[in-house]
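Working through the structure, step by step
One-letter residues, chain by chain:
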Amino acid sequence: MLQNKNIAVQQDKALTLLESIIQIPDDYALVNCLLFNHDDQPIFVFRYEHVNGVCKGLGGEHFSVSIDLAATKVMGFMHIEKQHCGPGLPTDDAARQLAIEFLPQVAADLVDSYEVKWIMRQLEEPNKIPHESPFPFRDENDHKCLVTGVRVKFFFEKLGAWGWVIVGRNNKVIAFEREIIWSTTLNRRSTPAWLHDNFVEELVSELGRLK
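A few points on the structure. (Residues numbered from 1 in each chain as written. Predicted model: local features only at pLDDT ≥ 70, side-chain atom pairs only at ≥ 80, totals over all residues. Heavy atoms only, no water.)

**Comments concerning the overall build of the chain**
Note the cut-off: Each helix is a run of DSSP H or I of at least 4 residues and each strand a run of E of at least 2, with the numbering of both proceeding from the N terminus. Taken over C-alpha atoms, the radius of gyration is set against a globule rule of 2.2 Å times the number of residues to the power 0.38. Each residue gets one of three labels from its accessible area relative to the maximum for its type: buried under 20%, exposed over 50%, partly exposed in between, using a 1.4 Å probe on protein chains only.
Within the chain, the secondary structure is distributed over three helices and twelve strands. For 211 residues, the compact-globule formula gives about 17 Å, and the C-alpha radius of gyration of the chain, at 17 Å, lands near that figure. Counting only C-alpha atoms, the chain reaches 50 × 45 × 40 Å along its principal axes. Buried residues in the chain amount to 46% of all 211 residues.

See below:
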């Protein structure tokens, strides 16, 4: 197990990698960094929130990024904000092209080893759960909002795992994840979803029942 000093060194390296690849919005600041497991890989999860403190905390607006402990790759990121709600999503063809163009920027090691499996729009009232499920959050007035986008799902052959790019309004990529293991039995991912606040909130709630 790495000692705390070594973890701090790796965290700095991970943050440097993050800043070289991912553009964090100007009005966001880093609020915490936690160490979790992505299946058998340790990862850092960096969470950014609005500088002015609006919609802070779990269930609010955030920009979160996960980096592997070795600081060699971006495992995923997600931007939850009100600008990513409502109408104006791109066509499936446009989302596919944008996702393919985006992939080399964030996962250059995977560009020669993927297949686009399907494209699906997230819906405020989904029929195919979890594929069409939106990302919920609460705004500054504590109203429930739903982020939606067009999910382009990839299968990464050399990893034997799934991933996706989700494209939102104005050609903005709002989420990316890689090396996701899918459980057919459970009809959901078995890989922990540390970028998703609803996953973390459910886990906290379950742990609270142990008291």
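**As for the sheet that holds strand S1 (residues 28-38)**
To keep it simple, the criterion reads: Here, any two strands with at least 2 DSSP bridges between them count as paired. Note on geometry: axes are C-alpha line fits, over the in-contact stretch for helices, and angles between N-to-C directions span 0 to 180 degrees. Any two residues having at least one pair of non-hydrogen atoms within 4.5 Å are treated as being in contact.
Taking strand neighbours across the sheet as the criterion, the eight strands line up as S1-S2-S3-S4-S10-S9-S8-S5 in an open arrangement whose pairing is antiparallel. In this open sheet, the two strands that pair with only one neighbour each are S1 and strand S5 (114-121). Here the average twist between neighbouring strands, direction ignored, is 20°. Sheet analysis places strand S2 (residues 41-50) next to strand S3 (residues 62-68), joined by six bridges and oriented antiparallel. Within the sheet, the bridge partner assigned to Arg-47 lies in S3 and is Ser-64. Contacts between helix H2 (residues 92-106) and the sheet are confined to strand S4 (74-80), S5, strand S8 (150-156), strand S9 (161-167) and strand S10 (173-180), with S8 contributing the most and set at about 50° to the helix.

**A closer look at H2**
For clarity, the cut-off: For a helix, the expected span equals 1.5 Å multiplied by the number of residues minus one.
Its 15 residues give H2 an end-to-end C-alpha distance of 21 Å, which sits within 8% of 21 Å, the value for a rise of 1.5 Å per residue. Where H2 is concerned, the buried positions are Ala-95, Leu-98, Ala-99, Phe-102, Leu-103 and Val-106. Those residues of H2 hidden inside the fold are in contact with helix H1 (4-21), S4, S5, S8, S9 and S10.

**Let's talk about the environment of Trp-182**
Along the chain, Trp-182 falls in strand S11 (residues 182-183). Sequence-wise, Trp-182 and Ala-161 are 21 residues apart; in three dimensions their C-alpha atoms are separated by 7.8 Å. Ignoring sequence-local partners within four residues, the contact set of Trp-182 consists of Pro-130, His-131, Lys-153, Trp-162, Asn-187, Arg-188 and Arg-189.

**Let's talk about the pattern of salt bridges**
Just so we agree on the cut-off: Salt bridges are identified by distance alone: a Lys or Arg side-chain nitrogen within 4 Å of an Asp or Glu carboxyl oxygen.
Counted by the stated rule, this structure contains eleven salt bridges. Between Glu-206 and Arg-209 there is a salt bridge, with its nearest N and O atoms 3.2 Å apart. The class of Glu-206 is partly exposed, set by a relative accessible area of 43%. Within this structure, Lys-73, Asp-109, Arg-178 and Glu-179 form a network of salt bridges that share partners.

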